[in-house]
Amino acid sequence: MQDALVKIVLDTIHERYVSENAFYSTRLGIAPQSWTRWKNGQRGFKYDNMRILSSLFTDYEWMLVQKVTRNAQVLTEVERDPVYEYKQLKIAVAKKWLASGLCQSEWYETETDNQIMRDGVACLRLVMAADFWSYADMIELRVPKSTQIKLATAPKALLEWLETDAIESVTRA
């Protein structure tokens, strides 16, 4: 089990859910001991649970997770903070997509089941169409709703925000 993968998954869970327990008990349907063993690299998950873990990410993001995980095995600076590397990579791709003018962006509010989901978070979805039936790459950036409100009233500021403040906003979400 890759430590980098675990760190990225845990960070993503903390972005979306009120607790790890809320995630693994409701989504994976596993006991706390199984969760702890997976986090500690003592045990893997069955295919179905890995599929659920991967569904925390878009297909494109899951590919980025795999790249960061692989790089963490050979690059000390990535191994030290794979979460930061992953978020930086997402933001770098988002900037290129937006600057190209070929992607679409949309804001949406995240699921609001107060028992398990975090409140006060908005999601920016960037979609890069492949011009091939039903294929598109997506990146989602979760930010505090206050950030969304600022950017939603000035859509042209989105690229500037990605250049200057995105990593801080995404990290705080």
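Right above here is the structure, for reference.
These figures come from a predicted structure and were not determined experimentally.

1. Quick notes on the pattern of salt bridges
Alright, step 1. On inspection of all chains with the given rule, the structure shows nine salt bridges.
Alright, step 2. The salt bridge involving Glu15 is made with Lys87; its shortest N-O contact spans 3.2 Å. Of this pair, Glu15 sits in helix 1 (residues 3–16) while Lys87 is found in helix 7 (residues 82–100), placing the two residues 72 residues apart along the sequence.
Alright, step 3. Salt-bridge contacts for Glu106 lead to Arg125; the nearest nitrogen and oxygen are separated by 3.2 Å. In this pair, Glu106 is assigned in strand 1 (residues 103–109) and Arg125 in strand 2 (residues 121–132), connecting sequence segments 19 residues apart.
Alright, step 4. Judged by its relative accessible area of 40%, Glu106 falls in the partly exposed class.
Alright, step 5. One connected set of salt bridges, linked through shared partners, spans Glu106, Arg125, Glu140 and Arg142.

2. Points about the side chain of Thr69
Alright, step 1. Mapped onto the elements, Thr69 comes out in helix 5 (residues 59–74).
Alright, step 2. Judged by relative accessible area, Thr69 falls into the buried class, the value being 7%.
Alright, step 3. A polar contact is formed between the side chain of Thr69 and the backbone oxygen of Val65, at a distance of 2.8 Å.
Alright, step 4. Those residues within four positions of Thr69 in sequence are excluded, and the remaining contacts are Gln2, Ala4 and Leu5.

3. Quick look at helix 2 (residues 20–28)
For an α-helix, the turn length of 3.6 residues means that residues three or four places apart are oriented alike.
Alright, step 1. Of the positions making up helix 2, those classed as buried are Glu20, Ala22, Phe23, Tyr24 and Leu28.
Alright, step 2. Looking at the buried side of helix 2, the elements it contacts are helix 1, helix 3 (32–39) and helix 4 (47–54).
Alright, step 3. If you check the start of helix 2, you find a side-chain oxygen 3.4 Å away from the backbone N of Asn21, and it comes from Ser19.

4. A few points about the packing of aromatic side chains
The relation between two aromatic rings is expressed through the spacing of the ring centres and the mutual angle of the planes.
Alright, step 1. Counted by the stated rule, this structure contains ten aromatic pairs.
Alright, step 2. Look at Trp38 and Phe45: their rings are 5.1 Å apart centre to centre, the planes differ by 10°, and that puts the pair in the stacked class.
Alright, step 3. In this structure Phe45 comes out as buried when scored by relative accessible area, which is 16%.
Alright, step 4. Arranged with centres 5.2 Å apart and planes meeting at 55°, the rings of Tyr60 and Trp97 form a pair that is tilted. Taken together, the positions of Tyr60 in helix 5 and Trp97 in helix 7 put the pair 37 residues apart, joining distant regions of the chain.

Rules used throughout
- Residues numbered from 1 in each chain as written.
- Predicted model: local features only at pLDDT ≥ 70, side-chain atom pairs only at ≥ 80, totals over all residues.
- Heavy atoms only, no water.
- Salt bridge = Lys/Arg side-chain N within 4 Å of Asp/Glu carboxyl O.
- Helix = DSSP H or I, 4+ residues; strand = E, 2+ residues; numbered from the N terminus.
- Buried < 20%, exposed > 50% of the residue type's maximum accessible area, 1.4 Å probe, protein only.
- Polar contact = N/O pair within 3.5 Å; in protein donor to acceptor, adjacent residues only side chain to side chain.
- Contact = heavy atoms within 4.5 Å.
- Phe/Tyr/Trp six-rings, centres within 6.5 Å; stacked < 30°, edge-to-face > 60°.

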